[in-house]
Amino acid sequence: MANNSESTSHDPLGRPLAEIGFQVTLAILICLVSTLGNVLVVYVINKDSRLKSITNIFIHNLALTDISMATLHMPFWVVSTYTGTWNFSIKWCEVSASIQFTLGMASILNMGLIALNRYIRVVKPALYSKLFASKRAARFYCLLVWLVSILLATPPLYGWGEMIYHAKFSVCTFGWKLEHISYAILIVGGLVNGVTIAIFYSYYKIYKTVKASTQNVNAHGAEDGAGTSNARRTDMKLLKTSFTVVCVFVMTWGPVSIVVIAETAGCFIPREVYVVCIYLMFSSSLINPIIYGIMNPQFKVAFKKVLSCGRHGNENMGQSNTGTGTRTIRERLREDGEGMNCGVQRHSTLTKTSTLEKSV
């Protein structure tokens, strides 16, 4: 009993040393892996000219956002997790909270922008050339994401609520109180829920469009069993990837959104729930380079080349530019990333479907 009392007496949250050690270790791992994973994504995009597509400009912007979160905000989270309290000035607490809000909103908006870009590219190809006419337009959208994020993150600094240290989250954040529920509704109800619906709808429509296209091809010319089998594998890969993107977004940002709304409404929530939610939220920065970069077949080749110091992948990268009839669709499908359409390139009959070839 004496040892247990001694192990918790110096922690403001009453945690045993084993719990502190586990939480700090996990927080450090999330911070380091998030940084390394996203730096790798940024490096290969800048290094390989084949990855400088419009879609990858948005992925590059998302990776920069996650790098910033891992280097500018997470270290203070790690320190607070270790000590159980805020160790810096009140002014810096407000700055830290504003950084977290800005980067968190930028991350969410970037994921929504990626989903919208892919949706228009596949489902509304005629509109794509107008909205995403050039890389300059893509960079303008990235800048717009940052401006909107700053605009939404800073009102508490001007009197619409306040930024405080939240002991249960172990971070400085917005003071989720009933008198500031209008701002909570704007951020959680408007931004998070709005982007969640947009992501779900976009990937659902992408899946339905590609599925309809493959069925159309099979009906007009792919009567052999191999063609049908390949089409089913393509649909399953697309479905799994779309499902993964939606689920990961909901799992990482959904719990913390529910908790802050519940807290604003005055509900009691155990500290352990807060801890799990904040770890899930920061894990988004760790998972993003995996689902938006590493799962992309084109990125895989670039990663292997980098990790093997350039000795691997030269032939494979060159092969991606070979072929005549299927060249355009292969490249465009790969640009859309995540490996979501990697199986489509197995169908030589897809070259007969001009609509899909123009849209993807």
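- The name given to the protein in an unreviewed UniProt entry is G-protein coupled receptors family 1 profile domain-containing protein, with the source organism recorded as Desmophyllum pertusum.
- Under the UniProt heading Subcellular location (unreviewed entry), the entry covering the protein gives this text: "Membrane".

### Focus: the overall build of the protein
Next, step 1: If you tally the helices and strands in the protein, you get 13 helices and 2 strands.
Next, step 2: Burial statistics for the protein: of 360 residues in total, 50% are counted as buried.
Next, step 3: For the protein, contacts bridging at least 24 residues in sequence account for 77% of all contacts bridging at least 6.
Next, step 4: Roughly 16900 Å² of accessible area belongs to the protein as shown, and the carbon and sulfur atoms make up 65% of that amount.

### Some points on empty space enclosed by the protein
The gaps left among the atoms become clear once a water-sized probe is rolled over them.
Next, step 1: By the definition in use, this model includes 5 cavities of 30 Å³ or more.
Next, step 2: The volume enclosed by the largest cavity comes to roughly 250 Å³.
Next, step 3: Considering every element that reaches the lining of the largest cavity, the biggest residue donor is helix α4 (residues 90–123), with 5 residues.
Next, step 4: Classifying every residue of the lining of the largest cavity by side-chain character gives 14 nonpolar, 4 polar and no charged.

### Some details on the pairing of strand β2 (residues 171–174)
Next, step 1: Direction of pairing for strand β1 (residues 163–166) relative to β2: antiparallel, over a ladder of 4 bridges. For His166, the partnering residue across the bridge sits in β2 and is Val171.

### With respect to the confidence of the model for the protein
Next, step 1: In this model, the protein carries an average pLDDT of 80, and 77% of its residues clear a pLDDT of 70 or more.
Next, step 2: Across residues 4–8 the pLDDT falls below 50, and counting only partners more than four positions away or on other chains, this stretch makes 6 contacts in the model.
Next, step 3: Overall, residues 312–335 carries pLDDT values under 50, and its contacts beyond four positions in sequence, including any with other chains, amount to 38 contacts.

### Looking at the state of the cysteines
Next, step 1: Counted by the stated rule, this structure contains 1 disulfide.
Next, step 2: With a sulfur-sulfur separation of 2.0 Å, Cys93 is cross-linked through a disulfide to Cys172. An S-S torsion of about -115 degrees defines the bridge between Cys93 and Cys172 as left-handed. With Cys93 in helix α4 and Cys172 in strand β2, this residue pair connects regions lying 79 residues apart in the sequence.
Next, step 3: With relative accessibility at 5%, the residue Cys93 sits in the buried group.
Next, step 4: Its relative accessible area of 0% is what places Cys172 among the buried residues.

### Points about the packing of α4 against helix α6 (residues 135–153)
Next, step 1: Following both chains from N to C, one finds α4 and α6 inclined at 140 degrees, their axes separated by 8 Å at the closest point. With respect to each other, α4 and α6 are oriented oblique. In the packing of α4 onto α6, the handedness of the crossing is right-handed. Residues Ser98, Phe101, Thr102, Leu103, Met105, Ala106, Leu109, Asn110 and Leu113 of α4 form the contact with α6, whose own contacting residues are Tyr141, Val145, Trp146, Val148, Ser149, Ile150, Leu152 and Ala153.
Next, step 2: Partitioned by chemical class, the residues of the contact of α4 with α6 number 13 nonpolar, 4 polar and no charged.

### Quick notes on the UniProt feature "transmembrane region" (unreviewed entry) in the protein
Next, step 1: Per the UniProt annotation, the sites labelled "transmembrane region" (unreviewed entry) are residues 20–45, 57–79, 99–120, 140–161, 181–204, 242–261 and 273–295.
Next, step 2: Taken end to end, residues 99–120 is 100% helix and 0% strand, and its two terminal C-alpha atoms sit 31 Å from one another.
Next, step 3: Split by type, residues 273–295 is 96% helix and 0% strand. Its first and last C-alpha atoms lie 30 Å apart.

### Notes on the packing of aromatic side chains
Next, step 1: Taken as a whole and assessed by the stated rule, the structure comprises 20 aromatic pairs.
Next, step 2: Geometrically, the ring pair formed by Phe76 and Phe88 is edge-to-face, given 5.2 Å between the ring centres and 85 degrees between the ring planes. Taken together, the positions of Phe76 in helix α3 (residues 54–83) and Phe88 in the loop between α3 and α4 put the pair 12 residues apart, joining distant regions of the chain.
Next, step 3: Using a relative accessible area of 37% as the deciding quantity, one classes Phe88 as partly exposed.
Next, step 4: Pairing Phe140 with Tyr141 gives two aromatic rings, centres 6.0 Å apart and planes at 55 degrees, and the pair type is tilted.
Next, step 5: Through pairs of rings, three or more aromatic residues link up here, namely Phe58, Tyr128, Phe132, Phe140 and Tyr141.

### Some words on the layout of surface pockets
Next, step 1: Of the pockets and cavities examined, the largest pocket occupies roughly 190 Å³.
Next, step 2: Taken together, Ile45, Asn46, Leu51, Lys52, Ser53, Asn56, Ile57, His60, Asn61, Leu64, Lys135 and Arg139 make up the full set of residues lining the largest pocket.
Next, step 3: Element by element, the count of residues in the lining of the largest pocket is highest for α3, at 5 residues.
Next, step 4: Here the residues of the lining of the largest pocket sort into 4 nonpolar, 5 polar and 3 charged.

### A few points about the nonpolar core
Next, step 1: Formed by 85 residues in total, the largest nonpolar core has its most connected members in Trp77, Phe169, Ile199, Tyr203, Phe282 and Tyr292.
Next, step 2: Sorting elements by how many residues they give to this core places α4 first, with 15 residues.
Next, step 3: Aside from chain neighbours lying at most four places away, what touches Ile199 is Met111, Gly112, Ala115, Val245, Val246 and Phe249.

The rules behind these values
- Residues numbered from 1 in each chain as written.
- Predicted model: local features only at pLDDT ≥ 70, side-chain atom pairs only at ≥ 80, totals over all residues.
- Heavy atoms only, no water.
- UniProt positions renumbered as here; feature names shortened; annotations may be inferred.
- Helix = DSSP H or I, 4+ residues; strand = E, 2+ residues; numbered from the N terminus.
- Buried < 20%, exposed > 50% of the residue type's maximum accessible area, 1.4 Å probe, protein only.
- Contact = heavy atoms within 4.5 Å.
- Areas by Shrake-Rupley, 256 points an atom, 1.4 Å probe, with all protein chains shown as cover.
- 1 Å grid on protein atoms, 1.4 Å probe; cavity = no way out; pocket = protein on both sides within 12 Å on 5 of 7 lines; lining within 4 Å.
- Points joined across faces, edges and corners; volume = space filled by probe spheres on them.
- Nonpolar A, V, L, I, M, F, W, Y, C, P; charged D, E, K, R; others polar.
- Pairing = 2+ DSSP bridges.
- pLDDT = per-residue confidence, 0-100.
- Disulfide = S-S within 2.5 Å.
- Axes fitted to C-alpha atoms, helices over the stretch in contact; angles between N-to-C directions.
- Parallel < 35°, antiparallel > 145°, perpendicular 65-115°, else oblique.
- Left-handed = near helix turned anticlockwise from the far one by under 90°.
- Phe/Tyr/Trp six-rings, centres within 6.5 Å; stacked < 30°, edge-to-face > 60°.
- Core = buried A, V, L, I, M, F, W, Y, C linked by side-chain atoms within 4.5 Å.

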